[in-house]
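Structural characterization, general
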Amino acid sequence: MSVINSTDSLEEIKSNVIQLLNRAGNDRRSAFRFIILNTVANDYPNSRYVVLRKFERESAELFIYTDFRSNKIQEIRNNPSVSVLAYDKQKKFQIKLGARAVIHHQDELAYQHWSALDGGKESYNTSADPGKQVDTLQDAHQMKNAFDDRHFAVLVLKVSKMECLQLNNEGHIRSFFDLDHNQSSFLVP
Ligand SMILES: Cc1cc2nc3c(=O)[nH]c(=O)nc-3n(C[C@H](O)[C@H](O)[C@H](O)COP(=O)(O)O)c2cc1C
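Heads up: these notes are all about the structure in this document. Every value quoted in this text rests on a predicted model; they were computed, and no experiment measured them.

Within strand 7 (residues 152–166), 13 of the 15 residues are buried, which leaves the element mostly enclosed by the surrounding structure. Strand direction decides the pairing type here: strand 4 (residues 61–67) and strand 7, joined by seven bridges, are antiparallel. Paired with L62 across the two strands is L157, which belongs to strand 7. With 13 bridges joining them, strand 6 (residues 93–105) and strand 7 adopt antiparallel strand pairing. Bridging from a neighbouring strand, H104 pairs with V154 of strand 7. Linking two consecutive strands that pair antiparallel, namely strand 7 and strand 8 (residues 173–178), is a turn of six residues; a positive phi of about 135° is found at G171 within it.

Structure representation (structure tokens):
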């Protein structure tokens, strides 16, 4: 079952994609729960899977949790322009987003998300910095004594561009949405 049909208008496509992202933020089984976050690193782009924790429909914002010490934070500080990629294999549907990232660390928003976080707090509580080279797996898994929110960060990605591609036997359907300027268009696939 596809997400988009050839009879759908651009408005319908846009609202379907927004709906999919919204679902992904609420439903662990959604194909778009795991998304690829791309940042600009020094000499090459850097990518990694992250969990889409929440999508705010009105502001078109994605929420991601991470360790403040991880590489992506420094990359975003250097350049807040990021992109997101996701694909639903069953529905043969790809989403590509262009966004600006804002880092929330030790502020009200980060605290609210930390307080509501149910499990998984060890992800933000290793003794050593994520990405650090260590001699043993034990060293890698060494936890801080107290599980606290010192290294917990929330990334809020404000989407400005959205592109999607529905693979389709009768002709792929590719479309583009500029959310900042409220413009949309079909694209040659
Ligand atoms: C399925 C999956 C989900 C992941 N979710 C997150 C996540 O929500 N946040 C996060 O910081 N890292 C997550 N990771 C780990 C990252 O992919 C990455 O290894 C880590 O964040 C370090 O990235 P960096 O050094 O580029 O910052 C996930 C990995 C996988 C495979």
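Attention shifts here to the pairing of strand 9 (residues 183–187). Pairing geometry for strand 8 and strand 9, over five bridges, is antiparallel. Counterpart to D178 in the pairing with strand 9 is Q183.

In the vicinity of the ligand, the residues found are F34, N46, R48, Y49, V50, V51, Y65, T66, S70, N71 and K72. Between the ligand and the protein, one listed contact pairs an oxygen atom with a backbone N or O atom of N71 at 3.3 Å. A distance of 2.6 Å separates an oxygen atom of the ligand from a polar side-chain atom of K72. Notes on the ligand: free accessible area 620 Å², of which the protein chains cover 62%. Looking at the shell around the ligand, the elements with two or more residues in it are strand 2 (45–51), strand 4 and helix 2 (71–78). Considering every element that reaches the shell around the ligand, the biggest residue donor is strand 2, with five residues. Within the shell around the ligand, the residues separate by chemical class into five nonpolar, four polar and two charged.

Positionally, H105 belongs in strand 6. Residue classification places H105 among the partly exposed positions, given a relative accessible area of 24%. Between the C-alpha atoms of H105 and F152, which are 47 residues apart in sequence, the distance is 6.6 Å. Ignoring anything within four residues of it in the chain, the contact list for H105 reads F68, A110, R150, H151, F152 and A153.

Analysis parameters
- Sequence order as written defines the numbering, with residues in each chain counted from 1.
- Whole-chain, interface and lining totals are the exception, using all residues; otherwise, since this is a predicted model, local features are given only for residues with pLDDT of at least 70 and side-chain atom pairs are given and counted only at 80 or more.
- Side-chain numbers come from the whole structure's heavy atoms, not from hydrogens or water.
- Think of it in three bands: with a 1.4 Å probe and only protein chains considered, a residue is buried below 20% of the maximum accessible area for its type, exposed above 50%, and partly exposed in between.
- The numbering of helices and of strands both runs from the N terminus, where a helix is a DSSP run of H or I of at least 4 residues and a strand a run of E of at least 2.
- At least two bridges found by DSSP between two strands are what make those strands a pair.
- Put simply, a residue is near a molecule or strand once any heavy atom of it comes within 4 Å of that molecule or strand.
- We define a polar contact as two N or O atoms separated by no more than 3.5 Å, with the added condition that, inside protein, one atom must be a possible hydrogen donor and the other a possible acceptor, whereas residues neighbouring each other in sequence contribute only through side-chain atom pairs.
- For the accessible areas, the method is Shrake-Rupley and the probe is 1.4 Å, while residue cover comes only from the protein chains on display.
- The residue classification treats Ala, Val, Leu, Ile, Met, Phe, Trp, Tyr, Cys and Pro as nonpolar and Asp, Glu, Lys and Arg as charged. All others, Gly included, are polar.
- Contacts were defined at the residue level, with two residues in contact if any of their heavy atoms lie within 4.5 Å.

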